[in-house]
Amino acid sequence: MATPVVTKTAWKLQEIVAHASNVSSLVLGKASGRLLATGGDDCRVNLWSINKPNCIMSLTGHTSPVESVCLNNPEELIVAGSQSGSIRIWDLEAAKILRTLMGHKADICSLDFHPYSEFVASGSQDANIKLWDIRRKGCVFQYRGHSQAVRCLRFSPDGKWLASAADDHTVKLWDLAAGKMMSEFPGHTGPVNVVEFHPNEYLLASGSSDRTIRFWDLEKFRVVSCIEGEPGPVRSVLFNPDGCCLYSGCQDSLRVYGWEPERCFDVVLVNWGKVADLAICNDQLIGVAFSQSNVSSYVVDLTRVTRTGTVARDPVQDHRPLAQPPPNPSAPLRRIYERPSTTCSKPQRVKQNSESERRSPSNEDDRDERESRAEIQNAEDYNEIFQPKNSISRTPPRRSEPFPAPPEDDAATAKEAAKPSSAMDVQFPVPNPEVPPRPPVVASTAAAKAEPAIIPAARNEPIGLKASDFLPTSVDSAVAINDLSVVVDLLNIVNQKASLWKLDLCTTVLPQIEKLLQSKYESYVQTGCTSLKLILQRFLPLITDMLAAPPSVGVDISREERLHKCRLCYKQLKSISGLVKSKLGLSGRHGSTFRELHLLMASLD
């Protein structure tokens, strides 16, 4: 009898060169899981069919790097925001520009289409959120409340709310009909990179650079649970279509979480680096990541991933009894979204327009069409994906087949594959099946936790030792070594916890930050920018206030020492300010970061 072929749980599908210059943004079509749109520093938006090597269509018109892209639910429209603050919308079936929207004063960081109506929401580096009516070609509402760049926007499944995540560590929920903020969710200690609504229940998930995922109850407006211990900043999360679990695209792995109680169902090793977007199709999870001009796509077979039921691994690593599930597991714990049958009620101040108005030509539309082009690079793939709306072959829609899983590399890995996601066993030990395991933790109340015998690589500090115990002595030592790589490693630890920064540390680190900003290594520049941003946010107001204050009466030694440190920091920041100004013209993410730093340093001039 032939031995059955063991296939891989996760594998790399393909790698393509997506742009002539660096890729700056990308998005997967959530309806099909087969359409990929990429934005680049070459000011183009390119469309791809997953697992096909050639570009389907290339959209031009932007005059600065494309920082954010988004596809609507039917995958018929695409919107792209640029570094200059302009937004362009293309009709993919008609292969032409539909709208150009102007109004933001800085980079477009986030975009989302309304699920039912022809509205687009945009978030920018200028901290503003705008709601646009595609038909009226204008901004119908502006939401102000964030103090820093808005990194992610999501409409609720019923189209009545808008969730926003920003660098100011907050998540906000906006009522579209009332035109005001419903609630603010504080709690994260780092920039919030992503938010995602549960597909059915009144529940919202948010992921942050503080390495946590928080779940928010949208009826009681409070936190439900918090997943801690992510190996790096959380950039991409996605609920399973039936809402049973949440997928988190971590550094080189996929993690599957539940939230009541908070627990990790499974961990799958996927060598995708920093995954940028996720989609689900045919019981397969598609993940895409980009580096420089290359885009790589990966597949995870969800039929071999634990999504509910017995908890295999628990990030909280406790041994208390698991809470009993609700009497009826199929019954939702929260209120369910009521989706409209046609279109939802329009946001405040929006006037009804006919379809003919949306398509009516104007001088401005003619100019947009001259400036923007949709170049069809592959007619066969284009006709297969974007058929005319009235074409008979479009109904019923074509159903894509799952990607075939490759066999395991050898017999040893095949045995490993038979185990459920054993890639991260060091971090999350699997209990011995012969001994009944004690159920893992439910709540997050304090209890003594057994430390693992082996320190996982994801830990950023030795067990039992806090970074604050050896700062700033270790920084002085690192600087004395005269090796920037050592300084970078130390700063990456300190940057994770803003409370570790002191004025003494600033005086030591600022000269090193100036060197990092001039480095040829991208990771060094990024670390230097992150540290400089933290210093400016926490200490620049103190420094300027101290220098502007009148002299004290009498002798105050501690104040004199603080004043001396402030003067030293001010001098160093002035020196760095000139370097930041010289890099304002850079394109891509670094250019955007330097422009943000320049705004923060405005008070130095």
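Residues numbered from 1 in each chain as written. Predicted model: local features only at pLDDT ≥ 70, side-chain atom pairs only at ≥ 80, totals over all residues. Heavy atoms only, no water.

## Quick word on the sheet that holds strand E25 (residues 262-269)
Here's step 1: With respect to topology, 4 strands assemble into an open sheet ordered E22-E23-E24-E25, the strand pairing being antiparallel. Strands with a single pairing partner mark the edges of an open sheet, and in this sheet they are strand E22 (237-239) and E25. Each strand axis lies, on average, 25 degrees off the axis of its neighbour in the sheet, ignoring direction.
Here's step 2: Inspection of the sheet shows E22 paired to strand E23 (residues 246-250) by 3 bridges, in the antiparallel sense. Bridging across to E23, Leu238 finds its partner in Tyr247. (Pairing = 2+ DSSP bridges. Helix = DSSP H or I, 4+ residues; strand = E, 2+ residues; numbered from the N terminus. Axes fitted to C-alpha atoms, helices over the stretch in contact; angles between N-to-C directions.)

## Topic: the side chain of Asp266
Here's step 1: Within the element layout of this structure, Asp266 appears in strand E25.
Here's step 2: Taking the relative accessible area as the measure of exposure, Asp266 reaches 0% and is therefore buried.
Here's step 3: At 2.9 Å, the side chain of Asp266 and the backbone nitrogen of Thr306 are in polar contact. (Buried < 20%, exposed > 50% of the residue type's maximum accessible area, 1.4 Å probe, protein only. Polar contact = N/O pair within 3.5 Å; in protein donor to acceptor, adjacent residues only side chain to side chain.)

## Comments concerning the packing of helix H6 (residues 484-494) against helix H8 (residues 522-548)
When two helices pack together, their arrangement is captured by the angle between the axes and the distance separating the axes.
Here's step 1: Their axes nearest at 10 Å, the elements H6 and H8 cross at an angle of 45 degrees. Relative to H8, H6 is oriented oblique. Relative to H8, H6 is oriented so that their crossing is left-handed. Each of Leu484, Ser485, Val488, Leu491 and Asn492 in H6 lies in contact with H8, whose residues at this interface are Tyr524, Thr527 and Ser531.
Here's step 2: By residue class, the composition of the contact of H6 with H8 is 4 nonpolar, 4 polar and no charged. (Parallel < 35°, antiparallel > 145°, perpendicular 65-115°, else oblique. Left-handed = near helix turned anticlockwise from the far one by under 90°. Contact = heavy atoms within 4.5 Å. Nonpolar A, V, L, I, M, F, W, Y, C, P; charged D, E, K, R; others polar.)

## Quick look at the environment of Thr306
Here's step 1: By secondary structure assignment, the location of Thr306 is in the loop between strand E28 (294-301) and helix H1 (355-359).
Here's step 2: The partly exposed category is assigned to Thr306, whose relative accessible area is 21%.
Here's step 3: Thr306 sits 38 residues away from Val268 along the chain, and the two C-alpha atoms are 9.8 Å apart.

## Overview of unusual backbone geometry
Here's step 1: Following Glu260, the chain continues to Pro261 via a peptide bond in cis, the omega torsion being 0 degrees.
Here's step 2: Along the polypeptide, Pro261 turns up in the loop between strand E24 (253-259) and E25.
Here's step 3: The backbone of His169 shows a phi angle near 75 degrees, a positive value even though the residue is not glycine.
Here's step 4: Note on placement: His169 falls in the loop between strand E15 (161-166) and strand E16 (171-175).
Here's step 5: Overall, the relative accessible area of 28% leaves His169 in the partly exposed class.
Here's step 6: The backbone of Asp283 sits at a positive phi, close to 60 degrees, despite the residue not being glycine.
Here's step 7: With respect to the secondary-structure elements, Asp283 resides in the loop between strand E26 (275-281) and strand E27 (284-291).
Here's step 8: By relative accessible area, Asp283 is classed as partly exposed at 36%.

## Description of the confidence of the model for the protein
Here's step 1: Confidence along the protein averages 77 in pLDDT terms, with 73% of residues attaining 70 or more.
Here's step 2: Per-residue pLDDT stays below 50 along residues 342-346; that stretch engages in 11 contacts with residues further than four places along the chain or on separate chains.
Here's step 3: Long-range and interchain partners of residues 411-465, a stretch whose pLDDT sits below 50, account for 86 contacts in this model, where long-range means more than four residues apart. (pLDDT = per-residue confidence, 0-100.)

## Brief notes about the nonpolar core
Here's step 1: Counting 38 residues, the largest nonpolar core has Trp501, Leu517, Leu532 and Leu573 as the members making the most contacts within it.
Here's step 2: Breaking this core down by element, the ones donating at least two residues are H6, helix H7 (503-517), H8, helix H9 (557-582) and helix H10 (588-600).
Here's step 3: With 11 residues, the top contributor of residues to this core is H8. (Core = buried A, V, L, I, M, F, W, Y, C linked by side-chain atoms within 4.5 Å.)

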